[in-house]
Amino acid sequence: MAPSPTNDYRNFAVTKGHGVKGLSDLKLDALPEQYIQPVEERLDMTKVLKKESIPVIDMSNLDDPNVAHQIAAAAEKWGFFQIINHGVPIEVLENVKEATRRFFALPVEEKIKYTQEQSPTNSVRLTTSFLPKVDKVLEWKDYLSILVSDEKSSEFWPSTCKHDVKEYVEKSEFVMKWLLKALMKGLNVDMDSKESILMGSTRINLNYYPVCPNPELAIGVGRHSDVSTLTFLLQDNVGGLHIRKMDTDTWIFVPPVEGAIVINIGDALQILSNGKYKSAEHCVAANGSNDRISVPIFTNPSPDDIIGPLPELLKNGEKPVYKHVLYSDYVKHFYRKSHDGKHTLDFAKM
């Protein structure tokens, strides 16, 4: 049942499991106050740089050393880049986007089986906003998060998207491994000895951003950096992702490119590289005209890994910028608070 004007939209979206899709389906004339962001947390479109863009890197010839060089350079300067001709079949990308739409089109009675309160496993959970129990102002997003590396939980994945999600992850693994190998080469570090810490666990999110009333007052995802080693993001053709240009208060729009994957450096790799590679703050604008989906794969250290600057980088007297921390402690710190830019990194700073 839809909430009356005097009812709490937070209860409708969060507790009853309707999410922002349920609110969007109500065709509200105005954005509920629970979603109206303070001015400083809205995306100021006057600060979006119209003539700047992140690199788009062609991976069709992996034997060309310039490809690896471009990847390392983008990781240093931008923390974000797009890849094309990467080898993941277009039909696999289209299938997982369609699977995302299918899941969020399910009746709420079906979807709530995957909420934190009802899911039979912590490895599969449906959430709205970011941390709805913590967020004072809610974000305009619903998402299904699956810990892929917990193989035992696969029996609990939603059948409506299970096959396509698995195929997308499997077909993407080679590309992620190659990217990390190129990034390690840029540090003069052997990938084989680091694979377990770079790719110790994998998570995938199916993100859904429905049409939003008064999108200029809301945010799809608040400004943050990822806690991953590397994020491998598929977005549809609607757009909304913006990254903060390093050391400025300006933003750069990341346009959808047909068949491309957006890659971004996570905090874990910034720490492991002792700050050479940089995670970039990013956010997602809400949209008043179109539903948007995106599907990020996060490759991460294992929860019980200790992360810190790689010893190879400190051999010649380079001072460590970060201390060694238990990765699960770092992730817990990220999930204790609402999105707040790159402040999670302070947890690991010397």
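Refer to the structure presented above.
Note that the structure is predicted; figures quoted are calculated from it, not measured.

Draft legend 1. Highlighting the sheet that holds strand S3 (residues 124-128). The mixed open sheet is built from eight strands, whose spatial order is S1-S2-S10-S7-S12-S5-S4-S3. If you trace the sheet from one side to the other, it starts and ends with strand S1 (56-58) and S3, each paired once. Geometrically, the sheet is characterised by an average inter-axis angle of 25° between neighbouring strands, direction not taken into account. Where strand S7 (residues 230-235) meets strand S12 (residues 292-300), six bridges bridge the pair, whose relative direction is antiparallel. Pairing of leucine 230 across the sheet is with threonine 299, part of S12. With respect to the sheet, helix H3 (residues 65-77) is in contact with S1, strand S2 (80-84) and strand S10 (261-265), its orientation differing from that of S1 by roughly 160°.

Draft legend 2. The arrangement of the nonpolar core in detail. With 74 residues, the main nonpolar core has Tyr168, Leu179 and Phe232 as its most contacted residues. Dropping the residues within four chain positions of it, leucine 179 is found in contact with Met59, Ile71, Phe81, Ile83, Leu230, Phe232 and Ile263. One finds Ile54, Val221, Ala280 and Val284 within the second-largest nonpolar core, a separate group that totals 13 residues.

Draft legend 3. Quick look at the packing of aromatic side chains. Counted by the stated rule, this structure contains nine aromatic pairs. Their ring planes at 15° and their centres at 5.0 Å tell us that phenylalanine 104 and tyrosine 208 sit as a pair that is stacked. Placement of the pair is phenylalanine 104 in helix H4 (residues 90-105) and tyrosine 208 in strand S5 (residues 201-209), with a sequence separation of 104 residues. We classify phenylalanine 104 as buried; its relative accessible area is 2%.

Draft legend 4. Spatial organisation of unusual backbone geometry. Phi at asparagine 85 is positive, roughly 50°, even though this residue is not glycine. Checked against the element boundaries, asparagine 85 lands in the loop between S2 and H4. Overall, asparagine 85 belongs to the partly exposed group, its relative accessible area being 48%. Positive phi, close to 60°, is recorded for aspartate 247, a residue that is not glycine. Structurally, aspartate 247 can be placed in the loop between strand S8 (241-244) and strand S9 (251-253).

Reading guide: rules and limits
- Residues numbered from 1 in each chain as written.
- Predicted model: local features only at pLDDT ≥ 70, side-chain atom pairs only at ≥ 80, totals over all residues.
- Heavy atoms only, no water.
- Pairing = 2+ DSSP bridges.
- Helix = DSSP H or I, 4+ residues; strand = E, 2+ residues; numbered from the N terminus.
- Axes fitted to C-alpha atoms, helices over the stretch in contact; angles between N-to-C directions.
- Contact = heavy atoms within 4.5 Å.
- Core = buried A, V, L, I, M, F, W, Y, C linked by side-chain atoms within 4.5 Å.
- Buried < 20%, exposed > 50% of the residue type's maximum accessible area, 1.4 Å probe, protein only.
- Phe/Tyr/Trp six-rings, centres within 6.5 Å; stacked < 30°, edge-to-face > 60°.

By themselves, these observations are geometric and do not establish any function.
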